[in-house]
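# Remarks on the overall topology
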Amino acid sequence: MDTRILGSSGLEVSAIGLGCMTMTGGYGVRPDRDAMIGLIRAAVERGVTLFDTAEAYGPHANEELVGEALAPLRERVVIATKFAADIDPVERKPRGRMLLPDEVARAADGSLRRLGVETIDLYYQHRVNPAVPIEEYAGVVKELIAAGKVKHFGMSEAAASTIRRAHAVQPVTAIQSEYSLWWRRPEQEVLDACEELGIGFVPFSPLGRGFLTGTVDASTKFEEGNDLRAQIPRFAADALPQNMALVEEVKAVAAAKDVTPGQVALAWLLARKSWIVPIPGTTKLHRMEENSAAADVVLTAGELSQLTDASDRIEIQGGRYPDHLEAATNL
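A brief look at the structure comes next. (Residues numbered from 1 in each chain as written. Predicted model: local features only at pLDDT ≥ 70, side-chain atom pairs only at ≥ 80, totals over all residues. Heavy atoms only, no water.)

### Quick look at the pairing of strand S5 (residues 78–83)
Counting buried positions along S5 yields six of six residues, so the element is predominantly enclosed. Burial along S5 is two-sided: Val78, Ala80 and Lys82 and Ile79, Thr81 and Phe83, pointing in opposite directions, are all buried. As for the winding sense of the linkage, the β-α-β connection from strand S4 (residues 50–52) through helix H2 (residues 61–70) to S5 is right-handed. Where S5 lies against strand S8 (residues 120–125), four bridges are found, and the strand directions are parallel. Bridge pairing links Phe83 to Gln125 in S8. (Buried < 20%, exposed > 50% of the residue type's maximum accessible area, 1.4 Å probe, protein only. Helix = DSSP H or I, 4+ residues; strand = E, 2+ residues; numbered from the N terminus. Right-handed = clockwise from strand over helix to strand, strands pointing away. Pairing = 2+ DSSP bridges.)

### Re helix H9 (residues 285–293)
Of all the residues in H9, the buried ones are Met288, Glu290, Asn291 and Ser292. On its buried side, H9 packs onto strand S3 (18–19), helix H1 (33–45) and helix H8 (261–272). (Contact = heavy atoms within 4.5 Å.)

### Concerning the nonpolar core
Counting residues in each nonpolar core, the largest one holds 88 residues, and the members touching the most others are Leu18, Ile40, Phe51 and Met155. Setting aside anything within four residues of it in sequence, one finds Met155 in contact with Tyr124, Gln125, Val128, Ile134, Thr162, Ile163, Ala166, Val172, Ala174, Ile175 and Gln176. Leu11, Val202, Phe204 and Ile279 belong to the second-largest nonpolar core, a separate cluster that totals 14 residues. (Core = buried A, V, L, I, M, F, W, Y, C linked by side-chain atoms within 4.5 Å.)

### What to know about the layout of surface pockets
The space that makes up the second largest pocket amounts to roughly 170 Å³. Contributing to the lining of the second largest pocket are Leu181, Trp182, Trp183, Arg184, Glu187, Gln188, Ser311, Asp312, Ile314, Glu315 and Ile316. Residues of the lining of the second largest pocket, tallied by class, amount to five nonpolar, two polar and four charged. (1 Å grid on protein atoms, 1.4 Å probe; cavity = no way out; pocket = protein on both sides within 12 Å on 5 of 7 lines; lining within 4 Å. Points joined across faces, edges and corners; volume = space filled by probe spheres on them. Nonpolar A, V, L, I, M, F, W, Y, C, P; charged D, E, K, R; others polar.)

### Quick notes on the pattern of salt bridges
Close approach of charged atoms allows side chains with opposite charge to pair. Under the defined criterion, the tally for this structure stands at 32 salt bridges. One salt bridge connects Arg33 with Glu68, and the closest N-O pair in it is separated by 2.6 Å. Here Glu68 lies in helix H2 and Arg33 lies in helix H1, a separation of 35 residues in the sequence. Exposure remark for Arg33: the relative accessible area of 36% places this residue in the partly exposed category. Two residues, Lys257 and Glu303, come together in a salt bridge whose shortest N-O distance is 3.2 Å. One end of the pair, Lys257, is in helix H7 (residues 240–257); the other, Glu303, is in helix H10 (residues 301–313), with 46 residues separating them in the sequence. Residue classification places Lys257 among the partly exposed residues on the basis of a relative accessible area of 25%. In this structure, a network of salt bridges that share partners links the residues Asp86, Asp88, Arg95, Arg97, Glu103 and Arg106. (Salt bridge = Lys/Arg side-chain N within 4 Å of Asp/Glu carboxyl O.)

### Details of the environment of Phe153
With respect to the element layout, Phe153 can be found in strand S9 (residues 150–156). Sequence separation of Phe153 and Tyr124 is 29 residues, and the distance between their C-alpha atoms is 5.9 Å. Beyond its immediate sequence surroundings of up to four residues, Phe153 is in contact with Leu122, Tyr123, Ala138, Val141, Ile145, Ala166, Gln170, Pro171, Val172, Thr173 and Ala174.

### A word on the pairing of S9
Burial runs high along S9: six of the seven residues are buried. For S8 and S9, the ladder comprises five bridges, and the chain directions are parallel. Considered in S9, the bridge of Ile120 is made with Val150. Viewed along the sheet, the connection from S8 through helix H4 (residues 134–146) into S9 turns out right-handed. As paired elements, S9 and strand S10 (residues 172–178) share four bridges and run parallel to each other. Its bridge partner being in S10, Phe153 is matched across the sheet by Val172.

### Some words on empty space enclosed by the protein
By the definition in use, this model includes one cavity of 30 Å³ or more. Within this model, the largest cavity holds a volume of roughly 30 Å³. Around the largest cavity, the lining residues are Ile16, Gly17, Leu18, Pro280, Met288, Asn291 and Ser292. Per-element tally for the lining of the largest cavity: the top contributor is H9, with three residues. Of the residues that constitute the lining of the largest cavity, the class distribution is four nonpolar, three polar and no charged.

Structural data, given as structure tokens:
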């Protein structure tokens with residue numbers, strides 16, 4: 001697979017990474033652990049080098065899974081993880097508040113232990129704490145970098161103004177936020193800030209939580225309690241019929257190119273900027289292979305225009321998060 005550099009940091013990664021969150025649950029039945037270890041290792045063999053996890057996924061279980069899977073392949077990969085919430089280390093449950101700056105080093109030590117590594121390649125602040133100046137968190141990560149525990153600083157779901165303030169204290173290597181054909185808010189300010197400051201951009205949910213693959217239709221039901229999409233307004237029964245119009249446009253381009261809708265959606269993102277690296281998540285080997293192959297799909301100027309125009313024209317119904325989760329972002 002081709003590689004890309006995240007901004008001006010020099011951090012080289014595969015053009016498409018792998019989001020590992022759902023490998024320990026989130027979209028239905030919890031997958032088999034051994035199968036997920038096999039999937040991660042198979043991704044490395046297919047050229048994927050960027051693997052994304054977080055302390056909050058599980059909590060803790062996802063980092064342990066990723067660490068075990070990549071232990072024999074450590075020198076070939078870049079591991080990204082995240083901090084934000086205060087998580088009870090025994091109960092493995094959030095304690096209802098965000099970490100304070102003087103607690104981040106402890107969180108980093110926990111992630112290092114669970115991942116089984118000496119250094120975290122890319123350490124994101126998972127969510128911005130509105131009660132504490134962002135400069136304080138950037139300063140703590142700067143200290144972790146000086147101590148050799150972290151190589152690169154990242155931020156997730158942060159506004160352009162917040163990114164600028166943090167970057168002034170410790171250069172930010174990557175911003176991770178949702179971005180796809182059906183969620184383009186980063187284009188309003190964040191992508192411009194990234195380009196100006198030399199910061200890479202890592203879209204999560206680049207396939208719209210499966211929506212843009214064409215496998216979801218107006219009759220799809222999501223399991224309450226086990227599938228996050230059951231809480232998301234744009235997946236509601238009254239929203240899906242209108243939202244399907246965008247998928248039909250993606251399907252049309254895919255059919256003409258003899259590729260899949262998901263590959264088209266990923267190729268559109270790759271064409272936006274040379275420093276964008278999507279991290280689609282999956283629990284299925286054939287989907288990982290399909291997503292990785294999207295790096296070889298080249299869309300023509302006409303196809304890119306068709307997709308962008310469709311995304312501009314078709315009004316998506318429903319929020320990308322329920323209100324309480326949207327409120328936790330800094331966008």
